[in-house]
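# Close look at the chain arrangement
Here is what each chain is made of, one letter per residue.
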Amino acid sequence: MSRGGGKGLSLKDKLDGNELDLSLCDLNEVPVRELAALPKATILDLSCNNLISLPSDFCSLMHLVKLDLSKNRLQQLPLDFGRLVNLQHLDLLNNRLVTLPVSFAQLKNLKWLDLKDNPLDPVLAKVAGDCLDEKQCKQAAVKVLQHMKAIQSEQDRQRQRKLQAEREMEKKREAEQRAKEAQERELRKREKAEEKERRRREYDAQKAAKHEIEKKTKKETVQTRKPASGSRPPQPPRHKHSWSRSVLRVLLFLLLCVVCALAACKLTELQRQPLCVGVNTLFEDVLAALQNHKTLQNILQQNSQQ
């Protein structure tokens with residue numbers, strides 16, 4: 001096993017019963033694969049090396065019961081360090097640790113812990129206290145575990161609150177989405193109803209216009225056929241009709257005047273007046289002419305019958 005990589009000399013040569021001593025080997029990394037092949041090595045000493053960090057697969061060495069990482073340069077432990085559930089004794093003296101991973105709370109079998117000479121967070125340093133004797137180191141293990149469990153519980157609660165807030169937010173978004181979809185459906189339904197009503201009005205208007213055209217066409221056809229049947233002659237223009245009525249009124253007025261004058265000359269004392277004498281004479285001549293015209297008409301009628 002070389003100083004840099006831990007390879008060369010077999011780890012089995014360093015195994016003494018269930019103890020494997022890799023201290024003072026100037027290691028820069030932990031030979032996890034070789035250690036995993038030695039499940040009997042439940043006690044591992046990695047103290048006094050140059051370890052800055054532990055690989056994540058180091059937490060697969062769940063057979064470890066006692067682990068000495070003192071006097072290295074570790075700045076942090078793996079996040080899943082709590083997987084080493086069988087660990088009872090942990091020495092982290094004289095490293096560069098500030099905090100511990102939350103999973104540290106899962107080391108339920110931990111009975112002994114030394115965190116001296118680390119730049120720990122003040123709260124964690126106060127909880128850990130000193131580890132000057134066996135009793136203090138055991139108390140440190142108990143107190144640190146309780147502290148980390150409290151942190152884990154608080155983080156779990158925060159995680160639950162966050163999840164609850166996310167669920168509520170998701171429900172709110174879903175409700176808003178459902179409301180929006182319902183509003184859009186209602187809008188589409190209203191638009192569809194309006195479009196249907198518009199088409200119905202257009203249909204009614206077209207039907208009414210068609211009916212009106214048919215009615216007008218029928219009326220024009222009737223009016224066109226009436227003059228052809230001879231039942232009613234074409235009506236004269238309105239201005240000619242008015243002129244004819246005016247002439248007829250004048251003639252009737254003149255006839256009335258003549259009748260009145262004739263009646264006055266025949267029935268009153270005015271018949272001896274020279275004007276009335278002339279009127280009466282004219283009237284008698286007209287009657288005689290009409291009688292002669294009637295007699296001539298009868299003669300002509302008799303000849304035509306023969």
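Residues numbered from 1 in each chain as written. Predicted model: local features only at pLDDT ≥ 70, side-chain atom pairs only at ≥ 80, totals over all residues. Heavy atoms only, no water.

### Quick word on the overall build of the protein
Counted only if it meets this: By the criteria applied, helices consist of DSSP H or I runs no shorter than four residues and strands consist of E runs no shorter than two, each listed in order from the N terminus. Think of it in three bands: residues with accessible area under 20% of the maximum for their type are buried, residues over 50% are exposed, and the middle band is partly exposed, with areas taken using a 1.4 Å probe on protein chains only. When checking whether two residues touch, look at their non-hydrogen atoms; a contact exists if any pair is within 4.5 Å. Per-residue and other accessible areas follow the Shrake-Rupley method at a 1.4 Å probe size, with only the shown protein chains counted as cover for residues.
Per the secondary structure count, the protein includes five helices and six strands. Traced from its N-terminal end to its C-terminal end, the protein shows the element sequence β-β-α-β-β-β-β-α-α-α-α. Looking at the protein as a whole, 24% of its 306 residues are labelled buried. Put simply, of all contacts in the protein between residues at least 6 apart along the chain, 34% involve residues at least 24 apart. Of the roughly 22,400 Å² that the protein leaves accessible, carbon and sulfur atoms contribute 55%.

### Let's talk about the nonpolar core
Going by this rule: Definition used in this section: a nonpolar core is a set of buried Ala, Val, Leu, Ile, Met, Phe, Trp, Tyr and Cys residues joined via side-chain atoms within 4.5 Å.
Leu46, Phe58, Leu67, Phe81, Phe104 and Val144 are the most contacted members of the largest nonpolar core, which has 42 residues in total. Put simply, the parts of the chain that give this core at least two residues each are helix H1 (32-36), helix H2 (122-128) and helix H3 (134-229). Setting aside residues no more than four positions away along its own chain, Phe58 makes contact with Val30, Val32, Leu44, Leu46, Leu64, Leu67, Phe81 and Leu84.

### A few points about a nonpolar patch on the surface
Put simply, the rule is: For patch detection, residues must exceed 30% relative accessible area and be free of salt bridges, and they are connected within 9 Å for like charges or within 5 Å for nonpolar side chains (Val, Leu, Ile, Met, Phe, Trp, Tyr). Basic side-chain nitrogens of Lys or Arg form a salt bridge, by our definition, when they fall within 4 Å of a carboxyl oxygen of Asp or Glu.
A surface patch of nonpolar side chains, about 640 Å² in accessible area, is lined by Trp243, Val247, Val250, Leu251, Phe253 and Leu254. One can find Val247 in helix H4 (residues 238-267).

### Quick notes on the pattern of salt bridges
In total, this model carries eleven salt bridges according to the counting rule given. A salt bridge links Arg199 to Glu195; its shortest N-O distance comes to 3.8 Å. With a gap of four residues between them, Arg199 and Glu195 both fall in helix H3, about one helical turn apart. Its relative accessible area of 45% is what places Arg199 among the partly exposed residues. Residue Glu195 is classed as partly exposed on the basis of its relative accessible area of 30%. Members of the salt-bridge network, linked through shared partners, are Glu195, Arg198, Arg199 and Glu202.

### Comments concerning the state of the cysteines
Operational definition: Cysteine sulfur atoms that come within 2.5 Å of each other are treated as a disulfide pair.
Tallying each qualifying case throughout the model produces one disulfide. There is a disulfide in this structure between Cys131 and Cys137, and the S-S distance comes to 1.4 Å. The disulfide joining Cys131 to Cys137 has a torsion of about 100° about its S-S bond and is therefore right-handed. As far as the burial class goes, Cys131 and Cys137 line up, both buried.

### Structural notes on the sheet that holds strand S2 (residues 19-21)
Where we set the bar: Two strands are counted as paired when DSSP detects at least two bridges linking them.
In space, the six strands of this open sheet follow the order S1-S2-S3-S4-S5-S6, with mixed pairing throughout. Where the open sheet ends on each side, the last strands, each with one partner, are strand S1 (15-16) and strand S6 (112-114). Pairing analysis gives three bridges linking strand S4 (residues 66-68) to strand S5 (residues 89-91), with the strands arranged parallel. Paired with Lys66 across the bridge in S5 is His89.

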